[in-house]
Amino acid sequence: TFFTTIFLIHSNCFLKMRDDEWLNQRFEQIWQLFFPDVEKKNIAIRWKGHWKNKFGHITTKKDRTTEIAINKIFQNLEVPEDVIKLTIAHEIVHYSHGFHSHLPRKYRHPHKGGVVDKDLKTRGFSYMLKKEKEWQKAEWYNLYREITAQRKANQPTSKVINKKNLLTYFKL
């Protein structure tokens, strides 16, 4: 039947990746909604790296501006948007605690005593923290291996899609 017919669709042709504009929009939305109490000064966000054990980081550049880097693998639509939002929020928490920002440092170590997760929970990210941990354990490492293998082979991915998924895929 048509339902069981398998279609091979090359992601390079049909699968759109998240871009810089998408990332900057989410960054601005998260800051406005969850961090209105934090003064924002000389900070930018970008996609960077293909890391296995790091979703993002914050750093001070030579020109003394702050940069938040989000794992470039997260441009892939298979990474849940909530994981990316939580990663952005996590890095903003470091900034708000005075790490790589003009703000006074609140703690000696950025993660000691679970200060980041505590702050995220008070700002309404409890649900996302739980879902991110579940996704990381169940999906992340396999997705990482798949994407990095594709990059190394420099070949497009193929997706197997049944009728139901095909209709969703093309939003019919």
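Residues numbered from 1 in each chain as written. Predicted model: local features only at pLDDT ≥ 70, side-chain atom pairs only at ≥ 80, totals over all residues. Heavy atoms only, no water.

1. Let's talk about the pairing of strand 2 (residues 43-48)
Covered by surrounding structure in strand 2 are Ile43, Ile45 and Trp47 only, the residues Ala44, Arg46 and Lys48 on the alternate face being uncovered. The sheet contact formed by strand 2 and strand 4 (residues 66-71) spans 6 bridges and is parallel. Bridge pairing links alanine 44 to glutamate 67 in strand 4. (Buried < 20%, exposed > 50% of the residue type's maximum accessible area, 1.4 Å probe, protein only. Helix = DSSP H or I, 4+ residues; strand = E, 2+ residues; numbered from the N terminus. Pairing = 2+ DSSP bridges.)

2. Some points on helix 4 (residues 115-122)
Among all positions of helix 4, only Val115, Val116, Asp119 and Leu120 are buried. Buried residues of helix 4, seen end-on, are gathered within an arc of 135° and therefore sit on one face of the element. For helix 4, the exposed residues lying more than 90 degrees away from the buried face are Lys118 and Thr122. On the buried face of helix 4, the contacting elements are helix 3 (81-96) and helix 5 (126-153). Glycine 124 lies just past helix 4 and shows a positive phi near 95°. (Arc of directions from axis to C-beta. Contact = heavy atoms within 4.5 Å.)

3. With respect to the nonpolar core
By size, the foremost hydrophobic cluster in this structure holds 37 residues, and its most contacted members are Phe35, Ile70, Phe74 and Ile88. Top element by residues in this core is helix 3. It accounts for 8 residues. Beyond its immediate chain neighbours, meaning those up to four positions away, isoleucine 70 contacts Leu23, Ile45, Arg46, Trp47, Lys48, Trp51, Phe55, Gly56, Ile84, Thr87 and Ile88. (Core = buried A, V, L, I, M, F, W, Y, C linked by side-chain atoms within 4.5 Å.)

4. Some points on the environment of leucine 103
In this structure, leucine 103 sits in the loop between helix 3 and helix 4. What makes leucine 103 buried here is its relative accessible area of 17%. Sequence-wise, leucine 103 and glutamate 39 are 64 residues apart; in three dimensions their C-alpha atoms are separated by 8.1 Å. Those residues in contact with leucine 103, other than ones at most four positions away along the chain, are Val38, Glu39, Tyr95, Ser96 and Gly98.

5. Considerations on the pattern of salt bridges
Between side chains of opposite charge, a pair can form as their charged atoms come close. On inspection of all chains with the given rule, the structure shows 11 salt bridges. Of the charged contacts, one joins lysine 40 and glutamate 28 as a salt bridge, the two residues approaching to 2.6 Å between their closest N and O atoms. With lysine 40 in the loop between helix 2 (20-34) and strand 2 and glutamate 28 in helix 2, this pair connects stretches of sequence that are 12 residues apart. Taking relative accessible area as the criterion, lysine 40 reaches 33% and is therefore assigned partly exposed. One salt bridge connects aspartate 119 with arginine 123, and the closest N-O pair in it is separated by 2.7 Å. The buried category is assigned to aspartate 119, whose relative accessible area is 12%. Each member of the salt-bridge network shares a partner with another, and the members are Arg46, Lys48, Lys61 and Glu67. (Salt bridge = Lys/Arg side-chain N within 4 Å of Asp/Glu carboxyl O.)

6. Here's the deal with the packing of helix 2 against helix 3
Contact geometry of helix 2 with helix 3 gives a least axis separation of 10 Å together with a crossing angle of 60°. By the angle between their axes, helix 2 is oblique relative to helix 3. Classified by chirality, the crossing of helix 3 by helix 2 is right-handed. Touching Trp22, Leu23, Arg26, Phe27, Ile30 and Trp31 of helix 2 are Glu81, Ile84, Lys85, Ile88, Ala89, Ile92 and Tyr95, all from helix 3. Across the contact of helix 2 with helix 3, the residue classes break down as 10 nonpolar, no polar and 3 charged. (Axes fitted to C-alpha atoms, helices over the stretch in contact; angles between N-to-C directions. Parallel < 35°, antiparallel > 145°, perpendicular 65-115°, else oblique. Left-handed = near helix turned anticlockwise from the far one by under 90°. Nonpolar A, V, L, I, M, F, W, Y, C, P; charged D, E, K, R; others polar.)

7. Observations concerning the side chain of arginine 18
With respect to the helices and strands, arginine 18 occurs in the loop between helix 1 (11-14) and helix 2. With no salt bridge to any partner, buried arginine 18 finds its closest opposite charge in glutamate 81, at an N-O distance of 5.2 Å. Separated by 3.0 Å, the side chain of arginine 18 and the backbone oxygen of phenylalanine 74 make a polar contact. At 2.9 Å, the side chain of arginine 18 and the backbone oxygen of valine 79 are in polar contact. If we skip the residues at most four places from it in the chain, arginine 18 touches Trp47, Phe74, Gln75, Asn76, Leu77, Val79, Pro80, Glu81 and Ile84. (Lys, Arg positive; Asp, Glu negative; His and termini not counted. Polar contact = N/O pair within 3.5 Å; in protein donor to acceptor, adjacent residues only side chain to side chain.)

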